[in-house]
Amino acid sequence: MKKAFVFLSTVALTASLLIHPASGKAATAFTDVSTYKEEIGYLTNQNIIKGYPDGTFKPDQPIKRLQAVQMILREMGLGDTNASNPNFKDVQPGDYGYTDIATAVDLGIISGKPDGTFDPWGTLTRAQMAKILVNAYDLGGIYPYGFKDVAPDSWAFEFISPLAANNITTGYGDGTFKPNLPLSRAHFSVFMARLLNPDFRPDNPLAADSMLEGLFDLKIQDTDIHPDEPIIYVLDSIDNQVVALNYETYEMAAVPLKLPAERMTYRNGKIYVALLKGQHSYTWWTEDQEGAIAIIDANQMKLENQFNIDLDPFDIAADGKGHVFVTSGSGQHTNMHSYNEATGEKLGERRLYMQSFMQMHPSLNRIYTIDTNVSPRDMELFQFDENGQFTSSYDSPYHGDYDLGKDLTISPDGKYIFNSAGNVFRATLIKDSDMSYVGKLDKAYKAIAFDLEKGEFYTSNNRDYITAYDYTTFKPKYQLETYGKPDYMFYQNNKLLVFSTIQMEGSNVPYVGLETIEFETE
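Throughout what follows, the structure given in this document is the object of discussion. (Residues numbered from 1 in each chain as written. Predicted model: local features only at pLDDT ≥ 70, side-chain atom pairs only at ≥ 80, totals over all residues. Heavy atoms only, no water.)

1. Let's talk about the pattern of salt bridges
Here is the rule: A pairing counts as a salt bridge when a side-chain nitrogen of Lys or Arg comes within 4 Å of a carboxyl oxygen of Asp or Glu. Elements are defined by DSSP. Helices are runs of H or I of four residues or more, strands are runs of E of two residues or more, and each kind is numbered from the N terminus. Think of it in three bands: residues with accessible area under 20% of the maximum for their type are buried, residues over 50% are exposed, and the middle band is partly exposed, with areas taken using a 1.4 Å probe on protein chains only.
The final tally for this structure, using the stated rule, is 13 salt bridges. Between Glu-341 and Lys-270 there is a salt bridge; the shortest N-O distance is 2.7 Å. You can see Glu-341 sitting in the loop between strand S13 (333-340) and strand S14 (346-353) and its partner Lys-270 sitting in strand S8 (residues 270-276), a full 71 residues away along the chain. Judged by relative accessible area, which is 9%, Glu-341 ranks as buried.

2. A closer look at unusual backbone geometry
The omega torsion of the bond from Ser-375 to Pro-376 falls at -5 degrees, within 30 degrees of zero and hence cis. When you line up the elements, Pro-376 lands in the loop between strand S16 (366-371) and strand S17 (379-384). Even without being glycine, Lys-178 reaches a positive phi, approximately 55 degrees. Position of Lys-178 among the secondary structure elements: in the loop between helix H5 (157-165) and helix H6 (185-196). For Lys-178, a relative accessible area of 29% gives the class partly exposed. In the Ramachandran plot, Met-301 falls in the positive-phi region, its phi being about 50 degrees despite a non-glycine side chain. When its relative accessible area of 10% is taken as the criterion, Met-301 is described as buried.

3. Quick notes on the packing of aromatic side chains
Any pair of aromatic rings gets described here by the distance separating the centres and the angle formed by the planes. Our working rule: Any two rings among Phe, Tyr and Trp, with Trp reduced to its six-membered ring, count as a pair given centres within 6.5 Å; such a pair is stacked if its planes are under 30 degrees apart, edge-to-face if over 60, and tilted if neither. Lysine and arginine charges are scored as sitting over a ring when NZ or CZ, respectively, is within 6 Å of the ring centre and within 35 degrees of the ring normal.
Per the counting criterion, the structure on display carries 35 aromatic pairs. Here Tyr-96 and Trp-121 contribute two aromatic rings whose centre-to-centre distance is 6.1 Å and whose plane-to-plane angle is 10 degrees, an arrangement assigned as stacked. With Tyr-96 in the loop between helix H2 (65-76) and helix H3 (98-106) and Trp-121 in the loop between H3 and helix H4 (126-137), this residue pair connects regions lying 25 residues apart in the sequence. With relative accessibility at 57%, the residue Tyr-96 sits in the exposed group. Linked through ring pairs, Tyr-416, Phe-418, Phe-450, Phe-457, Tyr-469, Tyr-471 and Phe-474 together constitute an aromatic cluster. Residue placement shows Lys-178 over the ring face of Tyr-172; its charged tip is 4.9 Å from the ring centre.

4. Considering the environment of Asn-135
Short version of the rule: Note on contacts: a residue pair is in contact if any heavy atoms of the two residues lie within 4.5 Å.
Within the element layout of this structure, Asn-135 appears in helix H4. Note: C-alpha distance between Asn-135 and Ile-109 (26 residues apart in sequence) is 5.0 Å. Not counting the four nearest positions on each side in its chain, Asn-135 is found in contact with Gly-108, Ile-109 and Phe-159.

5. Looking at the packing of H4 against H6
Short version of the rule: Lines fitted to C-alpha atoms define the axes here, with helix axes fitted over just the stretch in contact, and angles between the N-to-C directions of these axes take values from 0 to 180 degrees. Here the angle decides the label: under 35 degrees means roughly parallel, over 145 means roughly antiparallel, 65 to 115 means roughly perpendicular, and every other value means oblique. Crossings are classed by handedness, with left-handed meaning an anticlockwise turn of the near helix from the far one by less than a right angle and right-handed meaning a clockwise turn.
Axis separation between H4 and H6 bottoms out at 12 Å; the angle between their running directions is 30 degrees. By the criterion of interaxial angle, the relationship of H4 to H6 is roughly parallel. Note that H4 runs across H6; the crossing there is right-handed. Facing Arg-126, Met-129, Leu-133 and Tyr-137 of H4, the residues of H6 in contact are Phe-188, Phe-191, Met-192, Leu-195 and Leu-196.

6. Quick look at the sheet that holds S8
Going by this rule: Two strands are counted as paired when DSSP detects at least two bridges linking them.
Across the sheet, which stays open at both edges, the 4 strands sit in the order S7-S8-S9-S10 with antiparallel pairing between neighbours. The sheet is open, and its two edges are formed by strand S7 (261-267) and strand S10 (302-309), each paired on a single side. Ignoring strand direction, the axes of neighbouring strands in this sheet form an average angle of 20 degrees. Bridge analysis of strand S9 (residues 291-297) against S10 gives 7 bridges, and the strand direction is antiparallel. Within S10, the position partnered with Ile-295 by the bridge is Asn-305.

7. Structural notes on the nonpolar core
The condition that has to hold: To form a nonpolar core, buried Ala, Val, Leu, Ile, Met, Phe, Trp, Tyr and Cys residues must be joined to one another through side-chain atoms within 4.5 Å.
Grouped together as the largest cluster of nonpolar side chains are 64 residues, with contacts concentrated most on Leu-43, Ile-72, Met-129, Leu-133, Tyr-137, Phe-188 and Met-192. For this core, the secondary-structure elements that each account for two or more residues are helix H1 (37-45), H2, H3, H4, H5, H6 and strand S2 (211-216). Element by element, the count of residues in this core is highest for H4, at 8 residues. Among all residues touching Leu-43, those that are not within four sequence positions of it are Ile-48, Ile-49, Met-71, Ser-189, Met-192, Ala-193 and Leu-196.

8. Points about the side chain of Thr-286
Which entries qualify depends on this criterion: Nitrogen and oxygen atoms within 3.5 Å of one another constitute a polar contact, given that in protein one can donate a hydrogen and the other can accept it, and given that sequence-neighbouring residues count only through two side-chain atoms.
Mapped onto the elements, Thr-286 comes out in the loop between S8 and S9. Residue Thr-286 is classed as buried on the basis of its relative accessible area of 19%. Only 3.0 Å separates the side chain of Thr-286 from the side chain of Thr-334, close enough to count as a polar contact. If we ignore the near neighbours within four places in the chain, the residues touching Thr-286 are Asp-310, His-333, Thr-334 and Asn-335.

9. Considering empty space enclosed by the protein
Just so we agree on the cut-off: In this analysis a 1.4 Å probe is tested at points of a 1 Å grid over the protein atoms alone, and where it fits but cannot get out there is a cavity; an open set with protein on both sides within 12 Å along at least five of seven lines is a pocket; lining residues have an atom within 4 Å of a point. Grid points are joined across faces, edges and corners, and a volume is the space filled by probe spheres set on the points. All residues other than Ala, Val, Leu, Ile, Met, Phe, Trp, Tyr, Cys, Pro, Asp, Glu, Lys and Arg, Gly among them, are scored as polar; the first ten of these are nonpolar and the last four charged.
By the definition in use, this model includes 2 cavities of 30 Å³ or more. Its volume calculated, the largest cavity comes out at about 50 Å³. Along the walls of the largest cavity sit Arg-377, Asp-378, Met-379, Ser-396, Tyr-398, His-399, Gly-400, Asp-401, Tyr-402, Leu-404 and Phe-425, which together make up its complete lining. Tallied by class, residues from the lining of the largest cavity come to 5 nonpolar, 3 polar and 3 charged. Roughly 40 Å³ of volume is contained in the second largest cavity. Along its surface, the second largest cavity is lined by Tyr-143, Gly-146, Phe-147, Val-150, Phe-157, Ile-160 and Ser-161.

Given below as structure tokens:
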């Protein structure tokens, strides 16, 4: 498959996973240390720094490549690991530091120089330091603001960017990082202390609450998430394909589609895609419409089935029991159809207005819809039986009483219908109370996600922040800053997953960014 990303951090461990048990800040006992006393004292208490026999640390001396490796291995608690000979020309078994170097190579922390040497007593540049720390501690993340002297195509970019993303470095005041500058023992100690203990990290007004994990060359037409596994499914309209992205491993798989795709949904190991055979039109009447439905095996990411339908599809839903539901994109007063996913047989139809979005209720026995191209907008309910046949339908009790955006989202517990205009309605089995007005959020939103265990939900509205709300009162609680403008959000595994529109510093090209916000657990 064609790669669907421009730059993707190879690892995505958050800074919270890097915190080691700390004894708190402590001043150093070295006689020649006057600056960075607390950082150097912290590493000394952790037995990462030993200094020299005369009681000095020699903070201004350039740190040697071997010394940096030894500090990292001490922090990791690793001694002789019986690693195989890395076969550097200038490091032989029995030499001082040989076992440390062999262990670091075995762990993937270092790789030596192109000429086959390691140069253990050579100086370490700031860029080389970034590579060693990122490799050693699996640091991930992208810093979108970058540094003037670190180009995105530089070998050092993928290592310096994670340091900045985790707020371990802010560079210099002139916006540079100075990647080729030799690093002193004191400065390497500062970077180590910041990495291990967030208390030492500097204030950075540009840092967001999110971690930018990757940039993708995608145009999202629709998206859904696996309910149990760390996989997000994306309908990419650039290459007309369904992409499965594992947001933990960043493995990607794609299924190309032969007909233009309109919408998709995931249900019980399958991805259902509405495919077009024409352009939506007010005058493409129901009796002449046609389209298709593709069914993808989400586990294998292979096309399982595709069948033609007698409808111009607009939105799609599935109940996981062998039935697919499709609204029409054409014909004004047209139909919703239900189909047998195995045979393609039409099971039932109900009247509704063209280009209506739908959402399956968590109970999997009814669908709510909202029309998108008439004013005022209206919501409707469609109930169906275990055979996928419609049993009843009715409109919202309101018609123009409340502002309605073009979408609706049902809360995971099935209690409420949230509309992007900010209005909230009930979802019940009783007609008299179904779709009845509950209340209004303080502002409209573009994307929404829920964490009902914590009693919160989150919205965004074309701004570089996310608002958290109390699920009981619908009142705002706090805001979370992001690097881009969120377009889609999911909450899973104690983490907010945000697809945002983002531009890197110095670039006029917008990309799809995946940002994550991980919440602390009690």
